[in-house]
Amino acid sequence: MKGDTSTINPLENEAIYIIREVAAQFEKPVLLFSGGKDSITLVRLAQKAFYPAKIPFPLMHIDTGHNFPETIEFRDRLVKELGLELIVRNVQDSIDQGKVKEESGKYASRNSLQTTTLLDAIEEFKFDACIGGARRDEEKARAKERIFSVRDDFGQWDEKNQRPELFDMLNGQIELGQNVRVFPISNWTELDVWSYIEKENIEIPSIYFAHTRATFLRDGLIWSSDDVVYREDDEVVEDRVVRFRTVGDMSCTAAVLSEAADIATVVDEIRNSTISERGARIDDKRSEAAMEKRKQQGYF
Amino acid sequence: MEVLKIATAGSVDDGKSTLIGRLLYDTKSLTSDKLEAIEKKSKQRGYDYLDFSLATDGLVAEREQGITIDVAHIYFSTQTKSYIIADTPGHVEYTRNMVTGASTSQAAIILIDARKGVIEQTNRHFFINNLLRVKDIIVAVNKMDLVDFSEEKYNTIKASFEALMAKRDYQEQRITFIPVSALKGDNVVNKSENMPWFKGQTLLEHLEVLKSDDIYNTGTPRFPVQYVVRPKTEEFHDFRGYAGKVYGGDLSVGDTVVALPSQTKSKIKEIFSYNELYETASRRSSVTITLEDDINVSRGDMLVKENDLPKIEKQFTATISWMDSQKLTNGSKYILQHGVNKVLAKVDQVNHKINPDYSGVDITTDTLGMNDIASVTFKLNKPIFFDAFKDHRTNGSFILIDTQSNNTVGAGFIQ
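Residues numbered from 1 in each chain as written. Chains lettered and ligands numbered in written order. Predicted model: local features only at pLDDT ≥ 70, side-chain atom pairs only at ≥ 80, totals over all residues. Heavy atoms only, no water.

Turning next to the pattern of salt bridges. Residue and element names in this part refer to chain A. Taken as a whole and assessed by the stated rule, the structure comprises 39 salt bridges over all chains. With its nearest N and O atoms 3.0 Å apart, the salt bridge here joins Asp-76 to Arg-75. Take Arg-75: its relative accessible area is 7%, and that puts it in the buried class. A salt bridge links Glu-235 to Arg-218; the nearest nitrogen and oxygen atoms lie 3.0 Å apart. On the criterion of sequence distance, the pair formed by Glu-235 in the loop between strand E9 (221-224) and strand E10 (238-243) and Arg-218 in strand E8 (residues 211-218) is long-range, its members being 17 residues apart. Since its relative accessible area comes to 9%, Glu-235 is described here as buried. With relative accessibility at 6%, the residue Arg-218 sits in the buried group. The structure contains a network of salt bridges with shared partners spanning Glu-12, Arg-44, Lys-48, Lys-199 and Glu-200. (Salt bridge = Lys/Arg side-chain N within 4 Å of Asp/Glu carboxyl O. Buried < 20%, exposed > 50% of the residue type's maximum accessible area, 1.4 Å probe, protein only. Helix = DSSP H or I, 4+ residues; strand = E, 2+ residues; numbered from the N terminus.)

Below, the structure is given as structure tokens:
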């Protein structure tokens, strides 16, 4: 038996508390799983929250069809190993049904199309709480997001009418048709997540570590050469040793040059890094207010 | 790893965002792309210095008006601590945001513009942080560069703030004064060369040496049950664990506990954190507890030590911070959430409200509007298990939820 629990990471204590509140206050919660490090961390926290019982809600992945193959393979293996229920809904289906229109051109991405597929899935399964891995340090609009963030029937975020959150108390009272987005790792920074993954020895997809990849340069960023990523003829493909700091769509997630091949060197790299994590996400660069606008429309 | 949550309070133009930006800049927490964006924006606006406030002002509406309108969270870390700053606005209408920010913070920075000195809003900022029993307060006298770094000016401001302190309810609150220039960087992270007369620590030095006991109030252990863990697997067939967070003090294996409201006694058999067993659950940790006896405990119940019972009552008086545009009146009914427990509450009587000039002269009223702070007596449909807020910050506080809109409309601190 160990001594006392005072050495447990306070951010872990907070996140577990939040996840337990979700299971207790809602009828039909779901954990939104992207295959990225933040949602993988959420899965570990949920395991901890309910041990020795299983996680009492399913995982859901909104698949854009533009994911890194490594991510999908990892997702399926994790779900199988932990005996979890996984729901997958595809952006391609929303496109085929004519609900959204595929973007075209140089910066085409399916990132913003996910919103429609997500909202449809929430309605289909009548989910009343969606747990996500967003962090307040990622982006300025996210810095103001609550831990329990109420969305209306249209999935919209009203940033001017947010519920105050006092002490540890989380108010999950909602009307039929509304749902709550829940962010248990709101207060974690990128470094906190990486340090936690290292300490807990959590497995993550291989693309987070240095590997050789066929890439090309655009706007000073490094892009994967792949069928789903638009490339001009004069953008030359070259093999580079890279890794990814976030795992989004291939079409909007740029790589960074890195030799960090294991978790310890990745943590070191993050600690000394001078570019913020979302600096490699083109979806935020479209305009300074990009994230805020997407959030108002129901993006996660 | 230590995490310190800090609330900030200042009036519009006191330079709060600049101070936070300066903290980030001098601790090298601003990444190169963020710094570039700040440089670009500052230049666009024709400033001849870096506008650090751009590092924190988040929402479009705010950027347009140039003011912060909601609670924003900012993160940075040093070798010693991880810091989370709740940037709360100082504007007169936003008492509710300040109360919210202070409720989750263990320290607070109150900003004063050295040119203006202690103003009515300083009164409010101090009153709220004192009401919320934030244990460590730093009074940062900012814009010292605009008063020629005058020691005399600083001492005058310090003296008028000390006059406010005499009236405070929570006398044990620790208060430290620091003269700073957020814009120029004096005494924020680095010692000021312009104010050799100031012998104290810089703002960051002060924060760095704060110990857990300096910022947390200790009390008696309270364990509100959040969730009952019942695996119903072969290996854990009869397992019945109570998941929750420990508040105020520690609980150990072998402790005799009383389950409330049933008042049934049992002993703590095991303490789990994930798949590991511990001797003691320290305050503020999320654990799962099993008991020696098979007693009936469900969400909203509370485990406490046998000689340390909280009050178990259906009526009490509390200080309320009202946060909604719809008024609170005698007879209004709300859902009262106390920790993880929910009951129905009726306003028995609005006793009096705090004068917004903080003169100490109370105002008689029977309705409360947005941002009012008042003493209110409630009646509940069933008893809750509480302590006075002065003895237990967690178990002495609650929120009020509107039964129609479901919004959180008020916060309460039990007297």
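After that view, the rundown keeps rolling.
Below, the discussion takes up a negative patch on the surface. Residue and element names in this part refer to chain B. Taken together, Asp-238, Glu-292, Asp-293 and Asp-294 make up a surface patch of like negative charges. In this fold, Asp-238 is placed in the loop between strand E7 (222-229) and strand E8 (241-245). By relative accessible area, which is 67% here, Asp-238 ends up exposed. (Patch = residues over 30% accessible without salt bridge, like charges linked within 9 Å, V, L, I, M, F, W, Y side chains within 5 Å. Areas by Shrake-Rupley, 256 points an atom, 1.4 Å probe, with all protein chains shown as cover. Lys, Arg positive; Asp, Glu negative; His and termini not counted. Charge placed at Lys NZ, Arg CZ, Asp CG, Glu CD.)

On to the sheet that holds strand E6 (residues 148-151) of chain A, then. All names here are of chain A. An order of E4-E3-E2-E5-E7-E6 is seen for the six strands of this open sheet, with the pairing classed as mixed. Lying at the two open borders of the sheet, with one neighbouring strand each, are strand E4 (86-90) and E6. Between one strand axis and the next, the sheet turns by 30° as a mean value, whatever way the strands run. Strand direction decides the pairing type here: strand E3 (residues 59-63) and E4, joined by five bridges, are parallel. (Pairing = 2+ DSSP bridges. Axes fitted to C-alpha atoms, helices over the stretch in contact; angles between N-to-C directions.)

Turning our eyes to something else, we now look at the domain arrangement of chain A. Residue and element names in this part refer to chain A. Taken domain by domain, chain A holds domain 1 (5-192 + 289-296) and domain 2 (205-284). Here the C-alpha centroids of domain 1 and domain 2 sit 24 Å apart. Every contact between the two is made by 28 residues of domain 1 and, on the other side, 30 residues of domain 2. At the junction of domain 1 and domain 2, the tally comes to two salt bridges. The interface formed by domain 1 and domain 2 holds five residue pairs in polar contact (both at pLDDT 80 or more) in total. (Domains from an automatic or database assignment. Contact = heavy atoms within 4.5 Å. Polar contact = N/O pair within 3.5 Å; in protein donor to acceptor, adjacent residues only side chain to side chain.)

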